[in-house]
Structures are given as structure tokens and as C-alpha cells.
Amino acid sequence: MDYTGFNMSRIKNANRASVLYLLNSRKSMSRKDIADSLGLTPAAVSKICAELIAEGAVSECGLSDGAGAGRKKIILSLNSSKFAVLAVSIDAGGFYCGICTLGGEEITGGYTALPKDTEPEGFLRAVGENCRRLIKNNPSDGAKLVGMGVGIVGGVDGGSGKTTGSYGVWRPGINIKKILEEETGVPVCVENNVKAFALASLIFDREHSADNILFVKWGPGVGSAIVINGEVLNITDSGSSEIGHYIVDTKGEKCRCGRRGCLETEVSAHAVIKRIGAVYSKETTPMLFKATGGDAEKIDIKQILLSAKSDGAVKVELERCADSLAKAVTNAATVIAPDSVVAFGYMFENDIFDIFAKRCAQYYSGFGRGYIRHSPLDDKHSFIGPAAAAAKKFFFEK
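Residues numbered from 1 in each chain as written. Predicted model: local features only at pLDDT ≥ 70, side-chain atom pairs only at ≥ 80, totals over all residues. Heavy atoms only, no water.

## A few points about the overall build of the protein
Piece 1. Helix and strand content of the protein: 13 helices and 15 strands.
Piece 2. Against the 2.2 N^0.38 benchmark of 21 Å for 398 residues, the protein shows a C-alpha radius of gyration of 23 Å, consistent with a compact globule.
Piece 3. Seen through its principal axes, the protein has C-alpha atoms that stretch 75 × 50 × 50 Å.
Piece 4. Looking at the protein residue by residue over its 398 residues, the buried ones come to 47%. (Helix = DSSP H or I, 4+ residues; strand = E, 2+ residues; numbered from the N terminus. Rg over C-alpha atoms; globule rule 2.2 N^0.38 Å. Buried < 20%, exposed > 50% of the residue type's maximum accessible area, 1.4 Å probe, protein only.)

## Thoughts on the packing of aromatic side chains
Piece 1. Tallied over the full model, the rule gives 14 aromatic pairs.
Piece 2. Aromatic pair Trp218 and Phe348: ring centres 5.4 Å apart, planes at 80 degrees, arrangement edge-to-face. Of this pair, Trp218 sits in strand β11 (residues 213-218) while Phe348 sits in the loop between β14 (340-344) and α12 (352-363); the two residues are 130 residues apart in sequence, bridging distant segments of the chain.
Piece 3. Exposure remark for Phe348: the relative accessible area of 2% places this residue in the buried category. (Phe/Tyr/Trp six-rings, centres within 6.5 Å; stacked < 30°, edge-to-face > 60°.)

## Some thoughts on the confidence of the model for the protein
Piece 1. Residues of the protein with pLDDT of at least 70 account for 92%, and the chain-wide mean is 88.
Piece 2. The secondary structure element of the protein with the lowest average pLDDT is helix α1 (residues 8-26), at 80, and the one with the highest is helix α5 (residues 176-184), at 96.
Piece 3. In the predicted structure, residues 1-6 sits below a pLDDT of 50 and forms one contact with residues beyond four places in sequence or in another chain. (pLDDT = per-residue confidence, 0-100. Contact = heavy atoms within 4.5 Å.)

## Points about the pairing of strand β3 (residues 74-78)
Moving residue by residue along a regular strand, the side chains alternate between the two faces of the sheet.
Piece 1. The element β3 is largely enclosed, with a buried count of four among its five residues.
Piece 2. Across three bridges, strand β1 (residues 28-30) lies against β3 in antiparallel orientation. Residue Ser30 lies in a different strand from β3, and its bridge partner there is Ile75.
Piece 3. Sheet topology note: the strand β2 (residues 58-63)/β3 ladder contains five bridges and is antiparallel. Across the sheet, Val58 pairs through a bridge with Leu78, a residue of β3. (Pairing = 2+ DSSP bridges.)

## Let's talk about the sheet that holds strand β7 (residues 144-152)
Piece 1. Taking strand neighbours across the sheet as the criterion, the five strands line up as β6-β5-β4-β7-β10 in an open arrangement whose pairing is mixed. Only two strands of the sheet have a single partner each, and these edge strands are β6 (106-113) and β10 (188-192). Recorded for the sheet is a direction-independent mean angle of 15 degrees between the axes of neighbouring strands.
Piece 2. Sheet topology note: the strand β4 (residues 83-91)/β7 ladder contains eight bridges and is parallel. What sits directly across from Val88, in β7, is Val150. (Axes fitted to C-alpha atoms, helices over the stretch in contact; angles between N-to-C directions.)

## Looking at the sheet that holds strand β12 (residues 222-228)
Piece 1. One open sheet holds the five strands; their spatial order is β13-β12-β11-β14-β15, and the pairing between them is mixed. The sheet is open, and its two edges are formed by β13 (231-232) and β15 (372-374), each paired on a single side.
Piece 2. Across five bridges, β11 lies against β14 in parallel orientation. Note that in β14 the partner of Val216 across the bridge is Ala343.
Piece 3. The strands touched by α12 are β11, β14 and β15; relative to β15, the strand with the most contacts, the crossing angle is about 175 degrees.

## Things to note about unusual backbone geometry
Piece 1. With an omega of 0 degrees, the peptide bond running from Gly219 to Pro220 counts as cis.
Piece 2. Relative to the helices and strands, Pro220 is located in the loop between β11 and β12.
Piece 3. In this model, Lys27 sits at a positive phi of 75 degrees, which is unusual for a non-glycine residue.
Piece 4. Among the structural elements, Lys27 can be located in the loop between α1 and β1.
Piece 5. The phi dihedral of Ala337 is positive, around 55 degrees, even though this residue is not glycine.
Piece 6. A relative accessible area of 53% places Ala337 in the exposed class.

## A short note on the pairing of β12
Piece 1. β12 sits mainly inside the fold: six of its seven residues count as buried.
Piece 2. Inspection of the sheet shows β11 paired to β12 by six bridges, in the antiparallel sense. Bridge assignment links Trp218 to a residue of β12, and that residue is Val222.
Piece 3. Counting the residues that bridge the hairpin from β11 to β12 gives three residues, and of these Gly219 lies at a positive phi of roughly 120 degrees.
Piece 4. Where β12 and β13 come together, two bridges link them in antiparallel fashion. Within β13, the position partnered with Ile228 by the bridge is Glu231.
Piece 5. Counted along the chain from β12 to the antiparallel partner β13, the turn is two residues long, and its residue Asn229 has a positive phi close to 55 degrees.

See below:
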């Protein structure tokens, strides 16, 4: 192999990204403090900051209040309000589409349901139409739209933007990136939804302090992602880190992946609704029965979660599911040995997370206090992942 030396352009881009990520995390810093934090020379940081100021990404916002008679430091901050991203989340029932700030805050957005038999191309045209409407009526006070991030259930090749078909909602080969770029004229990046959420946690969750993390999503299905040395593990197939397809019952129901008895067939929202439906009655599930007017066809997972506080049969079923998930997570964590486990998804609502965490600790005493966390970003899970993917691709690391 021929020696090609250092790629100076790559190093420069990496240093630029490091400065932006640091300002995003700390909100404001002086050039000297940035240099000290990143281990860069003051001259290198001054040059990077000058370029970022010229781009409009960073601005000088005042002087430090440090003690002493010496020269005060000029403070820099990220102009996050001057830039925005489109965030799109795709699942089997429809899509979320919105505009978000670089800080991960939603400006506007909403969910659109589509018939489950909608062909992928028609589905993406509907997404494109919705995005064009948002762009036209952009309420972000003139913020520059830098790009679009798309999060989707299942496997995707981030480079090409095509689905790989691994446990996903669509067949392999659907070029999401190409279709949406043609529909909107906006640069697009595509990522698996759970990996995108993991990325968001690394960028926006300033509470996290671990370099190696196992992320677990519960609701409607079960998904996972792994962070190693501060980077989301990127496996195109995504199967090796899919905890939802760990086999827990060889005689169980057939899974959409083709195998039998996967964890998802036991604990997904669909599986819970089916099991609760089997015991549903005025006597065994009185609160749920009242909420649905005695019509089993009206049972949905939100009503089930709410009724768990008073309906014993519902609580028992959810505890059983939390226990099954806890066993799978314990097994995965034993092999992966992460520094922490971060859980998110609507199935963890209404005290279910506490039950899950207690069961994990019961199965492995090494799960100390704080080892398993409920993500503080969970209430933003519909948009925070794709927003983070777009911010990383088109702003922080462009």
C-alpha cells in the first residue's frame, strides 16, 4: 500500500466539527477555552472561528466576566437560531414531518397517517408534498434550512439512502434520499430510527457521560442501537444489534423477520393489544372496558397503558412484557458491556420504565444506580433523531 500521508482536509473538517459540537454543548466559550478544551493551538482555533464567523455559524457575543485586571476574553456562541433542519420520521402507519432548530427544538410539525398498503413511492411523494408545504410556510424567522434528516424503521444504507429491508417497513432498494431530494430540492440524509435517536443523545443530551451505551426503544416494536467510543455503531444490515429479534421462545409466533419467537412477537404493542384483547371484559379490565365503550375493536396501546393503574390483568401483562425485555437487555449488556443503558419509547410510560429497570437490576447486580436511564429526550423521539442526523451531516460535519 502506498503511503499517502495525513489528509489535512479531513483533519481541518474534524477540528471544525469539534469546535461546533463544543459550542453546542457549552453554549458560549472564549477562543482560549476552546483551544484548552480540545487540545488545539490558539492559532488553529482562531482560524477556525474566523471561518465560522464568516459563514454566520458563530458570532462574538460579549466579553468574559473573569476576575483580574488582565485582558478580558471575547466570548463566542453558536448561531443556532439562524439555521434549521427538516425532520422526517417514517413508520408503517405514516410519517412525522417538521422543522427543527439546530438545538433540537421543534419549530413546527405533525404526524400524517397513511393507509398501510400505500406503495413506498406514493408514500414518499406524500412526504415530499408535506415538506414543500412546510418549506413554503417556514415559520422559523428566516432561519436557513440546511438539509433534511429521515429516520425510518428497519435497515438503511446511510451512504446511498436506500432501504436494505432488514426488519423494515419497505422492501430493499427504495431510494429514499433520491426521491425526497427530487421532491423537495433539499439535501437529504437517511438513518435507522433508533440509531438516529442514539446520535441525538450524543449531540443534545448533555446529561450523558458514557462513551459506550446500549440504546433500547420499546414502542410500537423493539429496537436497539450501540454506541462505542462515542460513535454510533454503523452496520448497514442492522441485524446484529437488533435486540427485538433475539429469539425468546422457539415455539412462539412467527415474526416479520421470518423466524419464530422473537422478542418483538412477545412484547410489541401489537402483541400486547392481542393478549389484552383475549382477556378483555367488564369484569377483568373494567377501566379499559369503560374507556372503549365495551368495543374490543377500539382497544389501543395508549388506553392500555392508562388503564394499567387500575386494571389488574393489564398491569400483569405489562409487567410480564417488561420482564421479558429486561432479560433480553441484561443478556445483551452482559455481552456488550456498555457503560450505561438508555431506554426510550412510549411503552416505558406510566411507571413501566421503573418496573423494567428493577427487573434488570434483579437479573444482574452490576446494574448500579443510574446505570439504566430513561432518556430525557423521549418526549421528542418523533423528531429529535432525524433532526440530529441532518444537523450532523449538513452543519456540524459538513
